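Spelled out from the first residue to the last, the chains are:
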Amino acid sequence: MAGFKNILGHEQIIEHLRNAIKLDKVSHAYIINGPDKSGKMMLAEAFAQTLQCEQVAKAVRGDSENPTDGQTAEIEACMECHSCKQAIGRNQPDIIYVKHEKPNTISVDDIRTQVNNDIVIKPYSSEYKIYIIDEAEKMNVQAQNALLKTIEEPPAYAILILLTTNADSFLPTILSRCVTLNIKVVPDEMIKKYLMSHYQVPDYQADVCVAFAQGNVGKAIQLASSDNFNDLKASALQLIKRLDDIDLYEMTEAVKQISEYKLEINDYFDLMMIWYRDVLLFKATKDVNGLIFKDEVYDIKRRAEKSSYGGIETILEALQKAKVRLNANVNFDLTIELLLLTIKEN
């Protein structure tokens, strides 16, 4: 568990949460809304840990030994008090993680048992009792209605934090009673520096991870430390480079190669799209510095010479259409074959 100061980006949300603690204006219900791996849990845990920190509580009340009171001090969990140490080990009794047994549903029983029936019991050792509900978009309507009753009339010590990839899935009555904090993308340069310093990733690999992650720190970290991602990248680029030499009767073999990555097909397509965008950029500017796949410059130059602007745009559109088709459950092999034929023609 990391404090606010160890979180990369999300400055506006951190400032909002720190000010809420500092000014004693903490809401009873928050929604943190953003893509998977974008830092929602880190923010929720840092907020919960800071709220329960014994040193922060003293500073905010103004009875800290430190002459800097809560109105001017930076609000940050001390990491040393009993509560902070418990929070780091995820066993602070007044920070409750709501779990669900069914993979795709948070049921009304989950909410009643872990939230509604528990929230009436006063905090065990802290000022607050904090409930973190991850994947909150999985609450069915009955579960949301059960939670709504608690959000409408919470005990003074209760705080609910809903983490979601889709805040639009909540009932309007829940949305209207929660403070919604929307995750924003983290600047590419910030993520690149972080990957290079913390994961010893070379700059060209960091560029690929950053371009691929699109401002999502968690996804960038996962890519930087994943052998599977390197396999995926190698397969996609190898296919692109040899597609010109593949005869039509060999197309089935190419489809088979892609089907090995069926579960990660959107990532596979994204890698191809990044490569063709590099081709388009080089064709327009002749500048290698702006390329993501800098280590592929020889093949990118060759492709840029062979393809027209219109042809590259057609390929990028075909990749986007293939994504849409597969999301609509169109036949996998047929979709891939059509895509490869379009790329080959352009």
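A brief report on the enclosed structure follows. (Residues numbered from 1 in each chain as written. Predicted model: local features only at pLDDT ≥ 70, side-chain atom pairs only at ≥ 80, totals over all residues. Heavy atoms only, no water.)

Things to note about the overall build of the chain
What the chain contains, in helices and strands, is 16 helices and 5 strands. The dimensions of the chain, computed from C-alpha atoms along their principal axes, are 75 × 45 × 30 Å. Here the chain, with 346 residues, has 50% of them falling under the buried criterion. Long-range pairs, those at least 24 residues apart, make up 74% of the contacts in the chain with a sequence separation of at least 6. Counting every atom, the chain has about 17600 Å² of accessible surface; 49% of that belongs to carbon and sulfur. Across the chain, the 39 positively charged side chains and the 50 negatively charged ones have centroids separated by 2 Å. (Helix = DSSP H or I, 4+ residues; strand = E, 2+ residues; numbered from the N terminus. Buried < 20%, exposed > 50% of the residue type's maximum accessible area, 1.4 Å probe, protein only. Contact = heavy atoms within 4.5 Å. Areas by Shrake-Rupley, 256 points an atom, 1.4 Å probe, with all protein chains shown as cover. Lys, Arg positive; Asp, Glu negative; His and termini not counted. Charge placed at Lys NZ, Arg CZ, Asp CG, Glu CD.)

A few points about the nonpolar core
Formed by 58 residues in total, the largest nonpolar core has its most connected members in Leu195, Tyr268, Phe269, Tyr276, Ile336 and Leu340. Ignoring any residue separated from it by four or fewer positions in sequence, one finds tyrosine 268 in contact with Leu232, Ser235, Ala236, Leu239, Gln257, Ile258 and Tyr261. Residues Phe4, Val26, Ile95 and Ile161 belong to the second largest nonpolar core, which totals 33 residues. (Core = buried A, V, L, I, M, F, W, Y, C linked by side-chain atoms within 4.5 Å.)

Here's the deal with the sheet that holds strand 3 (residues 129–133)
Pairing in this open sheet of 5 strands is parallel, and the strands run 2-3-4-1-5 from one edge to the other. Every other strand in the sheet has two partners, leaving strand 2 (95–98) and strand 5 (179–182) as the edge strands with one partner each. Within this sheet the neighbouring strands show an average axis-to-axis angle of 20 degrees, counted without direction. By the bridge criterion, 5 bridges tie strand 3 to strand 4 (residues 158–164) in an arrangement that is parallel. (Pairing = 2+ DSSP bridges. Axes fitted to C-alpha atoms, helices over the stretch in contact; angles between N-to-C directions.)

Details of the pattern of salt bridges
Evaluation of the coordinates by the stated rule reveals 11 salt bridges. Residue lysine 129 is joined to aspartate 118 by a salt bridge in which the shortest nitrogen-to-oxygen separation is 3.2 Å. One end of the pair, lysine 129, is in strand 3; the other, aspartate 118, is in helix 5 (residues 108–119), and 11 residues separate them in sequence. Taking relative accessible area as the criterion, lysine 129 reaches 4% and is therefore assigned buried. A residue is classified by how much of its surface remains accessible, and aspartate 118, at 23% relative accessible area, is partly exposed. Notably, a salt bridge pairs lysine 241 with aspartate 299, separated by 3.7 Å at the nearest N-O pair. Here the residue lysine 241 occupies a position in helix 11 (residues 227–242), and aspartate 299 occupies one in helix 14 (residues 297–306), the gap between them amounting to 58 residues. (Salt bridge = Lys/Arg side-chain N within 4 Å of Asp/Glu carboxyl O.)

What about helix 16 (residues 332–345)?
Between its first and last C-alpha, helix 16 extends 20 Å over 14 residues, near the 20 Å set by a 1.5 Å rise per residue. Every buried residue belonging to helix 16 is among Phe332, Thr335, Ile336, Leu339, Leu340, Thr342 and Ile343, and all of these are buried. Looking straight down helix 16, one finds that the buried residues subtend no more than 160 degrees of arc, so they occupy a single side. Among the exposed residues of helix 16, those pointing more than 90 degrees away from its buried face are Leu334 and Glu345. Where helix 16 begins, the side chain of asparagine 331 points an oxygen toward the backbone nitrogen of aspartate 333, at a separation of 3.2 Å. (Expected span 1.5 Å × (residues − 1). Arc of directions from axis to C-beta. Polar contact = N/O pair within 3.5 Å; in protein donor to acceptor, adjacent residues only side chain to side chain.)

Topic: the pairing of strand 2
Covered by surrounding structure in strand 2 are Ile95 and Tyr97 together with Ile96 and Val98, the residues of both alternating faces. Note on the crossover from strand 2 through helix 5 to strand 3: the handedness is right-handed. (Right-handed = clockwise from strand over helix to strand, strands pointing away.)

Quick notes on unusual backbone geometry
A positive phi angle is found at lysine 286, which is not glycine, with a value near 60 degrees. One can find lysine 286 in the loop between helix 13 (265–285) and helix 14. Under the relative-accessibility criterion, lysine 286 is labelled exposed at 57%. One non-glycine residue, asparagine 329, lies in positive phi territory at about 65 degrees. Relative to the helices and strands, asparagine 329 resides in the loop between helix 15 (309–327) and helix 16.

Examining the side chain of threonine 150
You can see threonine 150 is positioned in helix 6 (residues 141–152). Within the structure, the side chain of threonine 150 is placed 2.7 Å from the side chain of asparagine 116, a separation counted as a polar contact. Once residues lying within four places of it in the same chain are set aside, the contact partners of threonine 150 are Val115, Asn116, Ile119 and Leu160.

Brief notes about helix 13
Relative to the 30 Å expected for 21 residues at 1.5 Å per residue, helix 13 spans 30 Å between its end C-alpha atoms, a close match to the ideal helical length. Positive phi shows up at lysine 286, right after helix 13, with a value of about 60 degrees.

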